[in-house]
Each structure stands twice: as C-alpha cells, then as structure tokens.
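Descriptive analysis of the structure
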Amino acid sequence: MIRLFSKYSASSQKMVTFFFKNKDNSLTKVTAPIGQNLLQIAHKNEVDLEGACEQSLACSTCHVILPKQLYDKLTQPIPEEEDLLDLAYGLTETSRLGCQVQVDEKFENVIIQLPKATRNFYVDGHKPKPH
C-alpha cells in the first residue's frame, strides 16, 4: 500500500519526492521542499516518526535508516548525533537522526526506512505531536 500526502502549498520552491517505509512495511510517498529535514517532512505528512526532543538534539527517537548509496553522499554526522545514535533501537551503519538530515536532490525516489521501534527515555509511551 502506498499513501500519498502533500502538505505544502504550491510555490516556486524546488521539491523532491521520496518514500518512507513504515514500521508495517507500507510505503508513504512524500513530496517536500528541498532544505527541510526528514523529521519535519515526516510530521507534515503524518508519518509515524517520533521526535520526542522536538529537534533539540537530545534524543534518538527520530532515528531513520538510509540506503547506503544515499548515506555515503551526505555529510557525516556531528559527534553529538553519533552519541545519540548509540542509544537508538536497531542501529545500523547507515542510521541517522531525521532531525539532522536535510533533503536535497539526492533524495529523489529514495526509500527511507523507519526502525521497528524507538527508545524514548523521557516519557515512556508518549508520542509528542508537532506544533
């Protein structure tokens, strides 16, 4: 099943289309402006990516798994992100925090995998809603 969402107004911004592979293995197709991060895009498109710290780089609940060919083209994570990724459930060699990855043309038609679970050390079971 593929769900299609677009929560962005028409403008002259350059857009990129890619997919989130959800925890149930369904795909959500999204089209988003270049320059936004994966967490922002997920929230705008009703993708179940948590983001408990609201992008303050204080948790690992927006953990995503990128395809290797995309991961290798991105800038390396900063040390603070690497430290938080060590706490992430299902860590892989291509794991990143969604709040730290801005989309660009390289994301076109890529599938971003969501892990099967998250570790939320702040409020167990609570999933914050974007403001």
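A brief structural summary. (Residues numbered from 1 in each chain as written. Predicted model: local features only at pLDDT ≥ 70, side-chain atom pairs only at ≥ 80, totals over all residues. Heavy atoms only, no water.)

1. Details of the overall build of the protein
In plain terms, the rule: For the purposes of this entry, the term helix denotes a DSSP run of H or I that reaches at least four residues, the term strand denotes a run of E that reaches at least two, and both are numbered from the N terminus. Accessibility here uses a 1.4 Å probe with only protein chains present; expressed as a share of the type maximum, an area under 20% marks a residue as buried, one over 50% as exposed, and anything in between as partly exposed. Any two residues whose heavy atoms approach within 4.5 Å at even a single point are treated as in contact. The Shrake-Rupley method, run with a 1.4 Å probe, gives the accessible areas here. Residue values count only the displayed protein chains as cover.
In terms of regular secondary structure, the protein is built from three helices and six strands. Reading the helices (α) and strands (β) of the protein from amino to carboxyl end gives β-β-β-α-β-α-α-β-β. Counting every position in the protein, which comprises 131 residues, the buried fraction comes to 47%. Of the contacts made within the protein by residues no fewer than 6 positions apart, 66% connect residues no fewer than 24 positions apart. As displayed, the protein offers around 7,200 Å² of accessible surface, 51% of which is attributable to carbon and sulfur atoms.

2. Side note on the pattern of salt bridges
The following threshold applies: Any carboxyl oxygen of Asp or Glu that lies within 4 Å of a side-chain nitrogen of Lys or Arg is treated as forming a salt bridge with it.
Counted according to the given criterion, the structure contains four salt bridges. Between Lys106 and Asp104 there is a salt bridge; the shortest N-O distance is 2.7 Å. For Lys106, a relative accessible area of 34% corresponds to the partly exposed category. Residue Asp104 is classed as buried on the basis of its relative accessible area of 18%.

3. Things to note about the packing of aromatic side chains
Just so we agree on the cut-off: Pairing of aromatic side chains requires ring centres within 6.5 Å, counting the rings of Phe and Tyr and the six-membered ring of Trp. Pairs whose planes differ by under 30 degrees are stacked, by over 60 edge-to-face, and all others tilted.
All told, the structure shown has two aromatic pairs when counted by the stated rule. Connected via pairs of aromatic rings, a cluster forms that spans Phe18, Phe20 and Phe107.

4. Considering the layout of surface pockets
Rolling a probe over the atoms, with the probe sized like a water molecule, indicates the empty space that remains. Our working definition: A pocket here means an open set of points on a 1 Å grid, computed over the protein atoms alone, that has protein on both sides within 12 Å along at least five of seven lines. A cavity is instead a set of points where a 1.4 Å probe fits but cannot get out; residues with an atom within 4 Å of a point line either one. Grid points are joined across faces, edges and corners, and a volume is the space filled by probe spheres set on the points. Side-chain classes are defined by residue name, with Ala, Val, Leu, Ile, Met, Phe, Trp, Tyr, Cys and Pro counting as nonpolar, Asp, Glu, Lys and Arg as charged, and the others, Gly among them, as polar.
Of the pockets and cavities examined, the largest pocket occupies roughly 190 Å³. As for the largest pocket, its lining consists of Lys73, Leu74, Thr75, Gln76, Ile78, Glu81, Arg96, Gln100, Val101, Gln102, Asp104 and Lys106. Classifying every residue of the lining of the largest pocket gives three nonpolar, four polar and five charged.

5. Regarding the side chain of Ser95
Counted only if it meets this: Within 3.5 Å is the distance limit for a polar contact, defined as a pair of N or O atoms, with the added protein rule that one can donate a hydrogen and the other accept it, and that residues adjacent in sequence qualify only through two side-chain atoms.
Checked against the element boundaries, Ser95 lands in strand 5 (residues 95–97). At 2.8 Å, the side chain of Ser95 forms a polar contact with the backbone nitrogen of Thr92. Other than its neighbours up to four places away in sequence, Ser95 contacts His63, Val64, Ile65, Tyr71, Leu85 and Gly90.

6. What about a negative patch on the surface?
For clarity, the cut-off: For patches, a residue must show more than 30% relative accessible area and have no salt bridge; joins then use 9 Å for like charges and 5 Å for nonpolar side chains, namely Val, Leu, Ile, Met, Phe, Trp and Tyr. This count recognises Lys and Arg as positive and Asp and Glu as negative, with His and chain-terminal groups excluded. By convention, charge coordinates are those of NZ in Lys, CZ in Arg, CG in Asp, or CD in Glu.
A cluster of like negative charges, contributed by Glu80, Glu82, Asp83 and Asp86, occupies part of the molecular surface. Among the secondary structure elements, Glu80 is positioned in helix 3 (residues 79–85).

7. Brief notes about the pairing of strand 2 (residues 15–21)
Quick reminder of the rule: DSSP-based pairing: two strands are paired if at least 2 bridges between them are found.
By the criterion of burial, strand 2 is predominantly enclosed, with five of the seven residues buried. With seven bridges joining them, strand 2 and strand 3 (residues 27–33) adopt antiparallel strand pairing. In the strand pairing of strand 3, Val16 is matched with Ala32. Connecting strand 2 to the antiparallel partner strand 3 that follows it, the hairpin turn spans five residues, and Asn25 within it adopts a positive phi of roughly 75°. Across three bridges, the pairing between strand 2 and strand 6 (residues 111–113) is parallel.

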